[in-house]
Amino acid sequence: MSYIKGLKCRECGKDYPKEALHVCEFCFGPLEVVYDYDAIKTVLSKDVIASRRPNMWRYKELLPLDGEPVVGFDVGFTPFIRARNLGKVLGVKELYIKNDAVNSPTLSFKDRVVAVAISKAREFGFKVVACASTGNLANSVAANAAACSMDSYVFIPADLEKTKVLGTVVYGSKVVAIKGSYDEVNRLCSEIAGKYGWAFVNINIRPYYAEGSKAFGYEVAEQMGWRLPRHIIVPMAGGSLITKIKKAFNEFRRLGFVEEMETKVYGAQPTGCAPIVTAVKDGAELIRPVKPNTIAKSLAIGNPADGYYSVKAIKESGGWAEDVSDNEIIEAMKLLAETEGIFTETAGGVTLGVTKKLIEQGRIPKDESIVLSITGNGLKTQESLYGKISEPVVIEAKIAEFDNLLNSGGDAYAIRA
Ligand SMILES: *Cc1c(COP(=O)(O)O)cnc(C)c1O
Ligand SMILES: [Zn+2]
């Protein structure tokens, strides 16, 4: 049983059938999935959701599949924790972390969108799945395609982190590294999608793919005890996740699952690639594309597909946007690890660094509920920390050497860059 009515152009409102379409043929606006909420209301309740297995498919009526998923059976329902130690450091009363750094199977929030996209590609009858990726999407498409025995082609910029490249090739995906930026990779992939008829998860089936991000928002609401936070900070690359978290909260309100007023959403980007943040700060309608130069490679999209809509989502909610330097990103990665025992990738450093800044600026009040969106795992971007953190102290296996070390004070653990 499907609750999808069809697709609708976000610009001119023209309706389309639920097919493998992504742009409006009249105005070139992006298409979005439309649901029959009245029908959903008759079958879905908080009790029904709570009785289901702890994965993203517990909200399946609100996801755009006609049948059952074919892959990603354990995706979602990632940990949600009260971050008391970090809250103390930041001087805030009620801080939470939604931790998609441990999502299944490839340790980032992209496992959500890919599980939906590949299942949908199968429903449409595609034989090959593909993507243009800044790293995490590559990992997830490769792993999930392998798990459901589909052929996959993954296109990445040639300068990605080694771990992210390895974590794609290992699944047997055909990986093509392009000499150029993500935006150039993406342009080429649009041509390939048209020519070869493959399902590019984030291009020609993007309307379905993007809906997978909503589950991040549903889980935050459910895990808070069917409440919404007052503030949520979200890292932005193409700008899709932030708009879908807002959509998820709106849908839950509409279905009567939560009562809170609108959550303020805040966008986070690295200073070396902050086209959406710049537009928010300047009050600009249009995004001016940039050439990325940042260690946060997973967020390095200079011409974000959903930039315009993310600016709109931030403004409508009463939120704001900020950016942080590469050094601030690393400091924040260390802070999260040291206070909460969570090793996030550079994108998580961006999210926490921006949160700290917004609290210091007084944009986010200290006495209201705040959720940090941690979207990726630190084990995948280790090279960003080389030379920036202390190394182990090496001694002989002798008690005297250890005694010396203990008596030497903290100097032995200094950073040796
Ligand atoms: C892709 C990605 C994002 C941003 O997602 P968009 O929907 O493109 O804005 C955030 N964090 C991580 C770790 C990502 O890989
Ligand atoms: Zn249109």
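So, here's what we can say about the structure. (Residues numbered from 1 in each chain as written. Chains lettered and ligands numbered in written order. Predicted model: local features only at pLDDT ≥ 70, side-chain atom pairs only at ≥ 80, totals over all residues. Heavy atoms only, no water.)

### A look at the overall build of the chain
Next up, step 1: When helices and strands are tallied, the chain shows 15 helices and 13 strands.
Next up, step 2: A compact globule built from 417 residues would reach a C-alpha radius of gyration of about 22 Å, and the chain, at 21 Å, matches this within 12%.
Next up, step 3: Counting only C-alpha atoms, the chain reaches 75 × 45 × 45 Å along its principal axes.
Next up, step 4: For the chain, with 417 residues in total, the buried portion stands at 55%.
Next up, step 5: Long-range contacts, defined as pairs at least 24 residues apart, comprise 70% of the intrachain contacts of the chain with a sequence gap of at least 6.
Next up, step 6: Carbon and sulfur atoms make up 52% of the accessible area of the chain, which amounts to about 17600 Å² in all. (Helix = DSSP H or I, 4+ residues; strand = E, 2+ residues; numbered from the N terminus. Rg over C-alpha atoms; globule rule 2.2 N^0.38 Å. Buried < 20%, exposed > 50% of the residue type's maximum accessible area, 1.4 Å probe, protein only. Contact = heavy atoms within 4.5 Å. Areas by Shrake-Rupley, 256 points an atom, 1.4 Å probe, with all protein chains shown as cover.)

### Concerning the sheet that holds strand β8 (residues 174-178)
Next up, step 1: With parallel pairing, four strands are arranged side by side in an open sheet as β8-β7-β6-β9. In this open sheet, the two strands that pair with only one neighbour each are β8 and β9 (199-200).
Next up, step 2: Pairing of strand β7 (residues 151-157) with β8 involves five bridges; the strand directions are parallel. Paired with Y153 across the strands is K174, a residue of β8. (Pairing = 2+ DSSP bridges.)

### Here we look at the packing of aromatic side chains
Next up, step 1: Scanning all chains against the criterion turns up 14 aromatic pairs.
Next up, step 2: Plain terms: the ring middles of Y59 and F252 are 6.2 Å apart, the flat faces sit at 55° to each other, and that makes the pair tilted. Of this pair, Y59 sits in the loop between α2 (46-51) and β4 (80-82) while F252 is found in helix α10 (residues 240-254), placing the two residues 193 residues apart along the sequence. You'll find Y59 and F252 in the same group, each marked buried. (Phe/Tyr/Trp six-rings, centres within 6.5 Å; stacked < 30°, edge-to-face > 60°.)

### Quick look at the packing of α10 against helix α12 (residues 307-317)
Next up, step 1: Direction vectors running N to C along α10 and α12 enclose 45°, while the axes themselves pass 8 Å from each other. Our classification of the angle between α10 and α12 gives oblique. In this structure, α10 meets α12 at a crossing whose hand is left-handed. Packed against α10, whose contacting residues are I242, T243 and K246, the element α12 presents Y309, S310, A313, I314, E316 and S317 at the interface.
Next up, step 2: Class assignment for the residues of the contact of α10 with α12 results in four nonpolar, three polar and two charged. (Axes fitted to C-alpha atoms, helices over the stretch in contact; angles between N-to-C directions. Parallel < 35°, antiparallel > 145°, perpendicular 65-115°, else oblique. Left-handed = near helix turned anticlockwise from the far one by under 90°. Nonpolar A, V, L, I, M, F, W, Y, C, P; charged D, E, K, R; others polar.)

### What about the pairing of strand β13 (residues 369-374)?
Residues in a regular strand point their side chains to alternate faces of the sheet.
Next up, step 1: Of all six residues in β13, six are buried; the element is thus mostly enclosed.
Next up, step 2: Taking every second residue as pointing to the same face, both faces of β13 are buried, with S369, V371 and S373 on one and I370, L372 and I374 on the other.
Next up, step 3: Note that strand β5 (residues 94-99) and β13 share six bridges and pair parallel. By the bridge assignment for β13, N99 is matched with I374.
Next up, step 4: Note that strand β10 (residues 231-235) and β13 share three bridges and pair parallel. Bridging across to β13, H231 finds its partner in I370.

### Describing the coordination of the zinc ion (ligand 2)
Think of it this way: four donors in a tetrahedron around the metal ideally sit 109.5 degrees apart, and six in an octahedron ideally sit 90 or 180 degrees apart.
Next up, step 1: Surrounding the zinc ion (ligand 2) are the protein donor atoms C9 (SG), C12 (SG), C24 (SG) and C27 (SG), at 2.2 to 2.3 Å.
Next up, step 2: With four donor atoms in place around the zinc ion (ligand 2) and angles of 97 to 119° between them, the coordination shape is tetrahedral.
Next up, step 3: As a motif over one chain, the donors of the zinc ion (ligand 2) read C-x2-C-x11-C-x2-C.
Next up, step 4: Looking at C24, the relative accessible area reads 0%, which means it is buried. (Donors = N, O, S within 2.8 Å, 3.2 Å for Na, K, Ca; no water. Tetrahedral: all angles 85-135°; square planar, octahedral: opposite > 155°, others 65-115°.)

### A look at the site of ligand 1
Next up, step 1: Ligand 1 sits among 16 residues. The nearest are K110, G238, G239, L241 and T375.
Next up, step 2: One of the backbone nitrogen or oxygen atoms of A237 is found 2.9 Å away from an oxygen atom of ligand 1.
Next up, step 3: Classifying every residue of the shell around ligand 1 gives seven nonpolar, seven polar and two charged. (Near = heavy atom within 4 Å. Polar contact = N/O pair within 3.5 Å; in protein donor to acceptor, adjacent residues only side chain to side chain.)

### Let's talk about the pairing of strand β6 (residues 128-132)
Next up, step 1: The buried count for β6 comes to five of five residues, which makes it a mostly enclosed element.
Next up, step 2: Taking every second residue as pointing to the same face, both faces of β6 are buried, with V128, A130 and A132 on one and V129 and C131 on the other.
Next up, step 3: Where β6 lies against β7, five bridges are found, and the strand directions are parallel. Counted as the bridge partner of V128 is D151 from β7.
Next up, step 4: Handedness of the crossover is the feature at issue here: the chain leaves β6, passes through helix α5 (residues 136-147), returns alongside β7, and the resulting connection is right-handed.
Next up, step 5: As paired strands, β6 and β9 are joined by two bridges and run parallel to one another. Along β9, the bridge assignment pairs A130 with F200. (Right-handed = clockwise from strand over helix to strand, strands pointing away.)

### Remarks on the sheet that holds β10
Next up, step 1: Strand order in this open sheet of six strands is β4-β5-β13-β10-β11-β12, and the pairing throughout is mixed. Edge positions in the sheet fall to β4 and β12 (321-324), since each of these pairs with one other strand and no more. Strand-to-strand, the axes of this sheet are offset by a mean angle of 25°, without reference to chain direction.
Next up, step 2: Seen against the sheet, helix α11 (residues 275-282) touches β11 (264-270) and β12 and runs at an angle of roughly 130° to β12.

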